[in-house]
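# Chains, contacts and geometry: an overview
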Amino acid sequence: MAQKRAHSAQVGELEDAVAAAQAERDKATDARHRLEDRLGDLPGRAHYLQNLLKGRISRLEADLEDLPRNQARTRLAREVTQLRELSEHLDRVLPATGVDSDPQIGTGAAQVATHEAAGAQSVDRAEYRPVAYASADRGLRVEVLGGGHEIGGSAVLVEAGSTRILVDAGVRPNADSPRLAAPPRIARAQEGRLDAVVVTHGHNDHAGFVPKVIADQPRAATICTPATAALMPEMWADAKRVMEQQANDMAEYGWLAPLYGEPEVEAAEKSLRPLTYGRPHNIKDLTIQLFDAGHILGAAGVVITAGDQRAVITGDIYNLPQLSVGSAQLPPKLAREADLLVIESTYCDRRHRDRALQIQDFVRAIAEVVGGGGRVLIPAFGLGRAQEVALMLRQQLPDVPVLVDGLARAISDIYEREAHLDIFGGNVQRVDNRQRSRLMQTFQTGVVITTSGMLTGGFAVPWAQQILPDPHSALFVCGYQDEESAGRALQRLAERDDPTVPATLPLQTQDGPVAVPVAARVETYSLSAHADRDGLTEIIDELAPARTMLVHGLGREQKKFRETLERARGRRTVRNDLPWSGLA
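Below is a summary of the structure that appears in this document. Quick caveat: nothing in here was measured; it's all calculated off a predicted structure. (Residues numbered from 1 in each chain as written. Predicted model: local features only at pLDDT ≥ 70, side-chain atom pairs only at ≥ 80, totals over all residues. Heavy atoms only, no water.)

## Overview of unusual backbone geometry
For clarity, the cut-off: Where helices and strands are cited, they refer to DSSP runs of H or I of at least four residues and of E of at least two residues respectively, numbered from the N terminus. Burial classification: accessible surface area is computed with a 1.4 Å probe over protein chains only, and a residue below 20% of its type maximum counts as buried, one above 50% as exposed, and the rest as partly exposed.
Cis geometry marks the peptide bond from T451 to S452, where omega comes out at 5°. Residue placement: S452 occurs in the loop between β15 (446-450) and α16 (460-467). With a phi angle near 75°, D168 is a residue other than glycine that sits in the positive phi range. Its place among the elements puts D168 in the loop between β3 (163-167) and α6 (178-181). If you check the backbone angles, K284 has positive phi at about 55° while not being a glycine. For K284, a relative accessible area of 52% translates into the label exposed.

Dropping the structure here:
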């Protein structure tokens, strides 16, 4: 009896800990009501607590491995042993359950509880598999697992009945280690079987984590447009190479191995299931349809239907035409007046300058530098921006030599094949790997387009070492720069009060960090393929959803935009840090 009282006390402590954590996150009231509605009877609550306990054990075991052998480790090991004994006791006394044991208990409740106990930590799948329940609830449920208040690591879990799909699975740019590159709450998706991963487009911040997900969910299909299916293997292969290099560079500091390797990339490629725009596709209790989102080749928004409920997830979207792709094509009958619109908000705080004028100034500045005998380095995202710039220069400066290097070269080949574009030819040429070192010395007049777009790696770094010290040359930034990136540091240097004061830019090379003198002309041009504040407002007004959720942006800017939508436009919005339910 005393042992049972002790066990009861420990269970009570776990309940208190969970409640306290929820209170700190300002979710206690909402989470409590949601769980009470879903959990139902006493057996359901008991299994809920068991899941919390196992999540706690898994997290403590992970912490235990990192501790040195001392008294703290001994105390923690003792606690883990006691919790294991408690868990084993609960396994013996709780009634057995299966997927059909109680139709009133939904998958969402047990999985939310498990995740809230385990936080964003991954769980050892061999030791811990939470109990899964079938649900009579066919209503839509949408939960943001990554990319809510940041740009990168996008992942949205959508559930209805026993069906679970993930919309996007991206990595976080400039993560310090593979451990931090995952969407922050991706463990939530892995708590049960995933039926599919729907990828909106091929950028790594939306698709770079897919091989890791498929490795853990081998039965899941990866659904995307045919163009995205052609692009992603190249993007995954490049991500694998970058992670392997990072792991090698950081090995002496004990950093983790890459997120995935060749076997995982091959498995992800085999899971690809291309789906054309507008074609309905059933995934058990859900129906999905893709629509053209502009942005880059193959980019799609997705309309998800469960019964009479609909959610629209835009992915990255752009409502103006580009040279490489057209503008977003919103399907009014399919997407209008949905129950929920999940829309990106990268530039919800600003208006882009007129694109035609921006391009005019950009082209004129390149002509000035090249006309003066200098080189222009354009670090560009290998997928989308590089192709747009190459087409722009081929069209407006046909006599200027242009080199396309790095990942941008391979992706441009896919653009030519899939979109029937003429990127190469004339004065626009590929950089052959065997000729790169020689070209860095001999190519003295013209334009170099190469990755990475934020100067964080790739061939943009050695090209920058050659070009930045030259006062006759220039580096033009033409894409989003993460606050911690080298590209953003360069922008800050260009904005310094006295540009005549000598400056250096820290860059990370294969041989280690270097300080590169900055004498070249440095300017920023907005050639964004994301809708700005006005564009986002137009899209929201056109789709007229019952609720709008902002993702893929920064929290402060999102808050201001939400207030504008609600007060000035009469739009109802919902937070992205709480799950949305169509039955709420």
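## Considering the packing of aromatic side chains
Geometrically, a pair of aromatic rings is defined through the distance of the ring centres and the angle of the planes. The criterion, for reference: Each pair of aromatic rings taken from Phe, Tyr and Trp, with Trp reduced to its six-membered ring, is defined by centres within 6.5 Å and is described as stacked if the planes are under 30 degrees apart, edge-to-face if over 60, and tilted in the remaining cases. By the criterion adopted, a ring carries a charge over it if an Arg CZ or a Lys NZ lies within 6 Å of its centre and within 35 degrees of its normal.
Within this structure, the stated rule accounts for three aromatic pairs. Of the aromatic side chains, those joined through ring pairs into one cluster are F362, F476 and Y525. One cation-aromatic arrangement involves R430 over F424; the distance from NZ or CZ to the ring centre is 3.9 Å. Geometry around F459 places R436 over its ring, the cationic atom sitting 3.4 Å from the centre.

## Looking at the sheet that holds strand β4 (residues 196-198)
We apply this condition: Whether two strands pair comes down to DSSP finding at least two bridges between them.
Ordered in space as β6-β5-β4-β3-β2-β1-β22, the seven strands form an open sheet in which the pairing is mixed. Each having just a single partner strand, β6 (272-274) and β22 (580-581) make up the two edges of the open sheet. Where strand β5 (residues 221-224) meets β6, three bridges bridge the pair, whose relative direction is parallel. Within β6, the residue paired with I223 across the bridge is R273.

Read these as geometric descriptors, not functional statements.
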